[in-house]
Amino acid sequence: MTTDHVPQDASVAPLLDDDLLAALRGFAALPRLLVCLDFDGCVSELVADASEARPVPANAEAIRRLAGLDGVRVAYVSGRPLESLRELAAPPSGALLIGSHGAERDVADLAPHSRGLTLTPGQQAARRELLEVFESIAAGAEGAWVEHKPAGAAIHVRKVPDAGEAEQVLVESRAAVATLDEVHPKEGKMVLEAVVVQADKGEGISELRRLVSPDAVLFAGDDVTDEFGFAVLAGDDLGVKVGEGETRAAHRIEAPAQLAAVLNTIAEAREARDEEQQ
Ligand SMILES: O=P(O)(O)OC[C@H]1O[C@H](O[C@H]2O[C@H](CO)[C@@H](O)[C@H](O)[C@H]2O)[C@H](O)[C@@H](O)[C@@H]1O
């Protein structure tokens, strides 16, 4: 069938521009799809308390809908540790998980013997030093706090009441990270992360592509670190940037609230195609 025959869902179409709608319908017409989603700022709105982040309900529903369709594999590709991703995102069964910006992977049925993240003694020492440095900086700024992560740490400033002071914490943290051996900074939104394992979302998506062998990959994300993911897209792949900021992605939506429309457009086209093929 051509994409012209896909019924227009009044609740979906007006939210997305024509280029994106056409691209999504072209994507949905391919046999095997891999849909990769960033979590914070994409599936979930950004919130002050990182432990309170949850999928926008319509996004969660659309993700479940897509995950249940033949030929579609859904993945989360997140900076979150896997443990936190599992708890907060509550991914549908069968979802593939890339956590810690690519350093942690749970692709169970596709690579059942794959092992979790193991740090070398040198990496463990570097992580301990990083945690000490970040904790000491955070102790001096009201509202700053440190997220301990398996591959490193993140110093958060979203709850620092004064914007200038928040920026100062980030400046100080960047300078401190630059003095540490084998510790690599990752910029984020109101956060500075640093990891002792070199990995990025592009590597994570490439690994998923290798495992799933899709005809095309969609990746949606909002942050600087998501640009590594957009960078590995090619051919019929589709990149969707969420929100403002420079990007390599070919398409953009304004906010997480629009993601459900993106996912439901694919699901709807796919369901129509499946029905026609029966
Ligand atoms: O790759 P993601 O799934 O987008 O994860 C990136 C980081 O997200 C979290 O921090 C961000 O979201 C918080 C909750 O909305 C917000 O308070 C914080 O300011 C944001 O930077 C998470 O805490 C990190 O571990 C993730 O790496």
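Here the structure is a predicted model, which is why all the values come from computation and not from measurement.

## Description of the domain arrangement of the protein
(1) Moving on: The assigned domain composition of the protein is domain 1 (3–115 + 199–277) and domain 2 (121–195).
(2) Moving on: Placing the centre of domain 1 and that of domain 2 at their C-alpha centroids yields a distance of 28 Å.
(3) Moving on: Residue classes in the side of domain 1 that touches domain 2 are distributed as six nonpolar, five polar and two charged.

## Considerations on the sheet that holds strand S2 (residues 72–77)
(1) Moving on: Strand order in the open sheet made by the seven strands is S4-S3-S2-S1-S9-S10-S11, with mixed pairing throughout. Of all strands in the sheet, those bounded by a partner on one side alone are strand S4 (104–106) and strand S11 (251–253). Strand-to-strand, the axes of this sheet are offset by a mean angle of 15 degrees, without reference to chain direction.
(2) Moving on: Sheet topology places strand S1 (residues 33–37) next to S2; five bridges connect them, and they run parallel. When the sheet's bridge partners are listed, Leu 33 is paired in S2 with Val 72.
(3) Moving on: Strands in contact with helix H2 (residues 57–67) are S1 and S2; relative to S2, the strand with the most contacts, it is inclined by about 135 degrees.

## Some thoughts on helix H3 (residues 82–89)
(1) Moving on: For H3, the set of buried residues is Leu 82, Ser 84, Leu 85, Leu 88 and Ala 89. Along the axis of H3, the buried residues cluster in a sector spanning 160 degrees; they form a single face. Residues of H3 that are exposed and point more than 90 degrees away from the buried face comprise Glu 83 and Glu 87.
(2) Moving on: Check the buried side of H3 and you find it contacts S2, strand S3 (96–99) and S4.
(3) Moving on: Immediately downstream of H3, the backbone of Ala 90 shows phi near 45 degrees, a positive value.

What counts and what doesn't
- Residues numbered from 1 in each chain as written.
- Predicted model: local features only at pLDDT ≥ 70, side-chain atom pairs only at ≥ 80, totals over all residues.
- Domains from an automatic or database assignment.
- Nonpolar A, V, L, I, M, F, W, Y, C, P; charged D, E, K, R; others polar.
- Pairing = 2+ DSSP bridges.
- Helix = DSSP H or I, 4+ residues; strand = E, 2+ residues; numbered from the N terminus.
- Axes fitted to C-alpha atoms, helices over the stretch in contact; angles between N-to-C directions.
- Contact = placed C-beta atoms within 7 Å.
- Buried ≥ 20, exposed ≤ 12 C-beta atoms within 10 Å, placed from the backbone.
- Arc of directions from axis to C-beta.

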